[in-house]
Amino acid sequence: WLPEAVAAGRRWRPERALEQLVERFARGAVYTDDRLLARLFRRPRAEIAAVVDRLVRAGALLGDCVVAGWPGRWLVHASALRGGRG
């Protein structure tokens, strides 16, 4: 299934592959946090934090956001706000 995408992914560095997974997950989920991402992808929180920092700097994620009705601070995919959903 999707052999071209799998072949392309095999050429990526592990850090780049994890970055793509986190970005795609956050795009679909809209909001998440680093603890959930670490559990989901079974990676150390420090590794997830580095990926999240890169995605925040690139503008793909917004960090330290408040989500109405949910306690704590969240990572929100930037497209949610551009699309009028935030």
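See the structure shown above.
The model shown is predicted, which means the values in this text are computed figures rather than measured ones.

Visitor: Please clarify how the pattern of salt bridges should be interpreted in this entry.
Guide: Oppositely charged side chains may form a pair once their charged atoms are brought near each other. A full pass over the atoms with the stated rule returns 9 salt bridges. For glutamate 15, the salt bridge identified is with arginine 13, shortest N-O distance 3.5 Å. You can call glutamate 15 partly exposed: its relative accessible area is 39%. Residue classification places arginine 13 among the exposed positions, given a relative accessible area of 54%. Notably, a salt bridge pairs arginine 35 with aspartate 33, separated by 3.0 Å at the nearest N-O pair. What you see here is one network of salt bridges that share partners, running through Arg16, Glu19 and Arg54.

Visitor: Teacher, can you tell me more about the packing of helix α2 (residues 14-29) against helix α4 (residues 45-58) here?
Guide: Between two packed helices, both the angle of their axes relative to each other and the distance between the axes serve to describe the pair. One can describe the packing of α2 onto α4 by two numbers: an axis separation of 10 Å at closest approach and a directional angle of 70°. As judged from the angle between their axes, α2 and α4 are roughly perpendicular. Together, Glu15, Leu18, Glu19, Val22 and Glu23 of α2 and Glu47, Ile48, Val51, Arg54 and Leu55 of α4 make up the contact between the two elements. Of the residues in the contact of α2 with α4, the class split is 5 nonpolar, no polar and 5 charged.

Visitor: Help me out: how do you make sense of the nonpolar core in this one?
Guide: A general trend in soluble globular proteins is that nonpolar side chains are found buried together. Counting 12 residues, the largest nonpolar core is built from Leu18, Val22, Ala26, Leu37, Ala38, Ile48, Val51, Val52, Leu55, Ala60, Leu61 and Leu75. Taken together, the elements giving at least two residues each to this core come down to α2, α3 (34-41) and α4. Element by element, the count of residues in this core is highest for α4, at 4 residues. Leaving out residues up to four positions away in the same chain, alanine 38 has contacts with Arg43, Arg45 and Ile48.

Visitor: I keep staring at the packing of aromatic side chains and nothing clicks. Help me out?
Guide: Centre-to-centre distance and the angle between the planes together describe a pair of aromatic rings. All told, the structure shown has 4 aromatic pairs when counted by the stated rule. Aromatic side chains phenylalanine 25 and phenylalanine 41 sit 6.3 Å apart centroid to centroid with 90° between the ring planes, which places their arrangement in the edge-to-face category. Separated by 16 residues along the polypeptide, phenylalanine 25 in helix α2 and phenylalanine 41 in helix α3 bring together distant segments of the chain. The class of phenylalanine 25 is partly exposed, set by a relative accessible area of 27%. For the cation-ring pair, arginine 16 lies above tryptophan 12, with the distance from its terminal atom to the ring centre recorded as 5.3 Å.

Visitor: It is not clear to me how unusual backbone geometry should be interpreted in this structure. Could you clarify?
Guide: Note: most peptide bonds trans; most residues except glycine with negative phi. With phi around 75°, valine 30 is a residue other than glycine that occupies positive phi space. With respect to the helices and strands, the residue valine 30 is situated in the loop between α2 and β1 (31-32). Even without a glycine there, the phi angle at arginine 42 is positive, about 55°. Position of arginine 42 relative to the elements: it lies in the loop between α3 and α4.

Rules behind the numbers
Note on numbering: residues in each chain are counted from 1, in written sequence order. Reporting of local features is limited, given that this is a predicted model, to residues whose pLDDT is at least 70; pairs of side-chain atoms are given and counted only at 80 or more, and all residues count toward the totals for whole chains, interfaces and linings. The basis for the side-chain values is all heavy atoms of the structure; hydrogens and waters are excluded. In the sections that follow, a salt bridge refers to a side-chain nitrogen of Lys or Arg positioned within 4 Å of a carboxyl oxygen of Asp or Glu. Under the scheme applied here, a residue whose accessible area is under 20% of the maximum for its type counts as buried, over 50% as exposed, and between as partly exposed, the area being computed with a 1.4 Å probe on protein chains only. Interaxial angle, 0 to 180 degrees, is taken between N-to-C directions of lines fitted to C-alpha atoms, where a helix line uses only the stretch in contact. The numbering of helices and of strands both runs from the N terminus, where a helix is a DSSP run of H or I of at least 4 residues and a strand a run of E of at least 2. The labels follow the angle: roughly parallel below 35 degrees, roughly antiparallel above 145, roughly perpendicular from 65 to 115, and oblique for the rest. For this analysis, residues touch if any pair of their heavy atoms sits within 4.5 Å. Amino acids are sorted into nonpolar (Ala, Val, Leu, Ile, Met, Phe, Trp, Tyr, Cys and Pro), charged (Asp, Glu, Lys and Arg) and polar (every other residue, Gly among them). For our purposes a nonpolar core is just a set of buried Ala, Val, Leu, Ile, Met, Phe, Trp, Tyr and Cys residues, chained together by side-chain atoms within 4.5 Å. Each pair of aromatic rings taken from Phe, Tyr and Trp, with Trp reduced to its six-membered ring, is defined by centres within 6.5 Å and is described as stacked if the planes are under 30 degrees apart, edge-to-face if over 60, and tilted in the remaining cases. Charge-over-ring contacts are defined here by two conditions on Lys NZ or Arg CZ: a distance within 6 Å of the ring centre and an angle within 35 degrees of the ring normal.

Purely spatial values, then, with no claim about function.
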